[in-house]
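# Inside the fold
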Amino acid sequence: MKDEYLSEGRTRQKMATRKHILVQTQHLLRSGNEISMEDVIRETGLSRATVYRYFTSIDVLVKEAGLDINTAVPEELYEKVSTYEPHIQILKIQEYFNNLAFDHEEAFRKYLGAVLSQDQSNAKRGARRVKTLHLVMENLKAKVDDDLAEKVVNTATVLMGIEALVATRDVCGLSKKKSKETLQWALDVILAHALKPASEI
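Now for a look at the structure at hand. It should be emphasised that the depicted structure is a prediction, and the values quoted were computed from it without experimental measurement.

Rules of the game
- Residues numbered from 1 in each chain as written.
- Predicted model: local features only at pLDDT ≥ 70, side-chain atom pairs only at ≥ 80, totals over all residues.
- Heavy atoms only, no water.
- Helix = DSSP H or I, 4+ residues; strand = E, 2+ residues; numbered from the N terminus.
- Buried < 20%, exposed > 50% of the residue type's maximum accessible area, 1.4 Å probe, protein only.
- Contact = heavy atoms within 4.5 Å.
- Areas by Shrake-Rupley, 256 points an atom, 1.4 Å probe, with all protein chains shown as cover.
- Core = buried A, V, L, I, M, F, W, Y, C linked by side-chain atoms within 4.5 Å.
- Salt bridge = Lys/Arg side-chain N within 4 Å of Asp/Glu carboxyl O.
- Axes fitted to C-alpha atoms, helices over the stretch in contact; angles between N-to-C directions.
- Left-handed = near helix turned anticlockwise from the far one by under 90°.
- Nonpolar A, V, L, I, M, F, W, Y, C, P; charged D, E, K, R; others polar.
- Arc of directions from axis to C-beta.
- Expected span 1.5 Å × (residues − 1).

### Here's the deal with the overall build of the protein chain
The number of helices and strands found in the protein chain is eleven helices and zero strands. Its helices and strands taken in sequence order, the protein chain reads α-α-α-α-α-α-α-α-α-α-α from the N to the C terminus. Burial statistics for the protein chain: of 201 residues in total, 37% are counted as buried. A separation of at least 24 residues holds for 72% of the contacts in the protein chain among residues at least 6 apart in sequence. When the accessible surface of the protein chain is summed, it comes to about 12,000 Å², and 54% of that surface belongs to carbon and sulfur atoms.

### Description of the environment of Asn 154
One can find Asn 154 in helix H9 (residues 146-158). For the pair Asn 154 and Leu 133, spaced 21 residues apart in sequence, the C-alpha separation works out to 8.9 Å.

### Considerations on the nonpolar core
Ranked by size, the top nonpolar core spans 34 residues in total, and within it Ile 90, Ile 93, Leu 133, Met 137 and Leu 187 carry the most contacts. Contributing elements (two or more residues each) for this core: helix H5 (74-81), helix H6 (86-103), helix H7 (105-116), helix H8 (127-138), H9, helix H10 (162-171) and helix H11 (176-194). Top contributing element to this core by residue count: H6, with seven residues. Ignoring anything within four residues of it in the chain, the contact list for Ile 93 reads Leu 77, Val 81, Thr 132, Leu 133, Val 136 and Met 160. Leu 29, Val 51, Phe 55 and Ala 107 belong to the second-largest nonpolar core, a separate cluster that totals 14 residues.

### Some remarks on the pattern of salt bridges
Scanning all chains against the criterion turns up eleven salt bridges. A salt bridge links Glu 76 to Lys 80; the nearest nitrogen and oxygen atoms lie 3.8 Å apart. Of this pair, Glu 76 and Lys 80 both sit in helix H5, four residues apart, which is roughly one turn of the helix. For Glu 163, the salt bridge is made with Arg 129, and the minimal N-O distance between the two is 2.8 Å. Here the residue Glu 163 occupies a position in helix H10, and Arg 129 occupies one in helix H8, the gap between them amounting to 34 residues. Owing to a relative accessible area of 27%, Glu 163 belongs among the partly exposed residues under this scheme.

### Focus: the packing of H8 against H9
Running from N to C, H8 and H9 cross one another at 140 degrees; their axes reach a closest spacing of 9 Å. Crossing angle aside, the handedness with which H8 passes H9 is right-handed. Here H8 contributes Arg 129, Val 130, Leu 133, His 134 and Met 137 to the contact with H9, which in turn contributes Ala 149, Glu 150, Val 152, Val 153, Ala 156 and Thr 157. Class assignment of the residues belonging to the contact of H8 with H9 gives a composition of seven nonpolar, two polar and two charged.

### Some words on H5
Residues Pro 74, Leu 77, Tyr 78 and Val 81 constitute the buried set of H5. Buried residues of H5, seen end-on, are gathered within an arc of 100 degrees and therefore sit on one face of the element. Seen from the buried face of H5, the exposed residues on the opposite side, beyond 90 degrees, are Glu 79 and Lys 80. Where the residues of H5 are buried, they touch H6 and H8.

### A few points about H11
Given a rise of 1.5 Å per residue, 19 residues ought to cover 27 Å, and the 27 Å separating the end C-alpha atoms of H11 matches this to within 8%. All of the buried residues in H11 are Ser 179, Leu 183, Ala 186, Leu 187, Leu 191 and Ala 194. Down the axis of H11, the smallest arc covering the buried residues is 125 degrees, so these residues share one side. More than 90 degrees from the buried face of H11, the exposed residues found are Lys 177, Trp 185 and His 193. Against H6, H9 and H10 lie the buried residues of H11.

### Let's talk about the environment of Lys 151
The topology assignment puts Lys 151 in helix H9. The partly exposed category is assigned to Lys 151, whose relative accessible area is 49%. Separated by 43 residues in sequence, Lys 151 and Ala 194 place their C-alpha atoms 9.1 Å apart.

Nothing here speaks to function; it is all geometry.
Here is the structure:
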């Protein structure tokens, strides 16, 4: 019993230490400056050995910190939008993820850079967006077939988050306000057609 108690305590301590490193890294990323492991070690007050035990490089750390930064879990986000019609639920999910990306633009750009510099063979990002959208589509099973549901989820995912921000800001040269408006307009038009009752098509 004593050994089990000690083991649980160590596990909780490890989780707390890992979270502390992530939170302090997120704090550094919000400054918009390039950061190093030395900055993280100094910010956390932990030893070099401890930080490296949890994260082997700054790229790996930035990647996880960017992904974790203030992002609601899918169930929590879905609960917040669940009282609206499905069309509006999806637009509100888009608004949430686009605001998140724009509010923490530098952090997410660093995250995206870290991800793209690594082996992409098994990479999968945007899982929170996809899972939240699947929760919406799950409740439409009686009205929307699986193929259409998958297309809606994939298309909506493309129109939100850091990738959409990069396309509208860097490629199209839009302001933040115009970027959000354009992405919302595009998704609204798609959903108006995709989720239209069969009798109206």
